[in-house]
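Coordinates in review
Listed here are the chains, written in short residue letters.
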Amino acid sequence: MTIEAPVVVDARGMRCPWPALRLARAMRAEPQVLLIADDPKAEREVTALAAEQGWALAADSGAAGPGRWIVTR
């Protein structure tokens, strides 16, 4: 069994709601996405979207700073 790296959605420089919209679009086709966003509101919006859709959301612990989440369906 091969474990693939998640698809990366780089939403740095985008203001909400764009990071959440980009995540939603990527999650249509991918089972796992790494979202990178630097808008302070992104965490709240991404958390709400994940809860609404039933996705698992985890902070990327290997990241060098906040603003990185691994989202899985």
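Quick caveat: nothing in here was measured; it's all calculated off a predicted structure.

A few words now on the overall build of the protein. A count of helical and extended segments in the protein gives two helices and four strands. The order of α-helices and β-strands along the protein, N terminus first, is β-α-β-α-β-β. Taken across its 73 residues, the protein has 34% of its residues classed as buried. Sequence separation of 24 or more characterises 64% of the internal contacts of the protein that already satisfy a separation of 6 or more. A total of about 4900 Å² of accessible surface is found on the protein, and carbon and sulfur atoms cover 53% of it.

Let's shift gears to helix α1 (residues 18–29). With twelve residues, α1 ought to run about 16 Å at 1.5 Å a step, and its terminal C-alpha atoms sit 18 Å apart, in line with that. Looking at α1, one finds that the buried residues are Pro 19, Ala 20, Leu 23, Ala 26 and Met 27. End-on, the buried residues of α1 take up no more than an arc of 130°, which puts them together on one face. Every exposed residue of α1 that faces more than 90 degrees away from the buried side is listed here: Arg 25, Arg 28 and Ala 29.

The four strands lie next to each other as β1-β2-β4-β3, forming an open sheet whose pairing is mixed. Two strands close off the open sheet at either side, each with one partner strand: β1 (7–10) and β3 (56–59). Taken pair by pair, the neighbouring strands of this sheet meet at an average axis angle of 25°, ignoring direction. Bridge count for strand β2 (residues 32–36) against strand β4 (residues 68–72) is five bridges, and the pairing is antiparallel. Each residue of the ladder has a partner; that of Gln 32, found in β4, is Thr 72. Docked against the sheet, α1 engages β1, β2 and β4, running at close to 165° with respect to β2. On top of the sheet, helix α2 (residues 42–53) reaches β2, β3 and β4; it is set at about 150° to β3, its chief contact.

Core analysis: the biggest nonpolar cluster contains 18 residues, and Leu 23, Met 27, Val 33, Leu 35 and Trp 55 have the highest contact counts within it. Listed by contribution, the elements that provide at least two residues to this core are α1, β2, α2 and β4. When sequence neighbours within four positions are dropped, the list of residues in contact with Met 27 reads Val 33, Trp 55, Val 71, Thr 72 and Arg 73.

Reading the values: rules and limits
- Residues numbered from 1 in each chain as written.
- Predicted model: local features only at pLDDT ≥ 70, side-chain atom pairs only at ≥ 80, totals over all residues.
- Heavy atoms only, no water.
- Helix = DSSP H or I, 4+ residues; strand = E, 2+ residues; numbered from the N terminus.
- Buried < 20%, exposed > 50% of the residue type's maximum accessible area, 1.4 Å probe, protein only.
- Contact = heavy atoms within 4.5 Å.
- Areas by Shrake-Rupley, 256 points an atom, 1.4 Å probe, with all protein chains shown as cover.
- Expected span 1.5 Å × (residues − 1).
- Arc of directions from axis to C-beta.
- Pairing = 2+ DSSP bridges.
- Axes fitted to C-alpha atoms, helices over the stretch in contact; angles between N-to-C directions.
- Core = buried A, V, L, I, M, F, W, Y, C linked by side-chain atoms within 4.5 Å.

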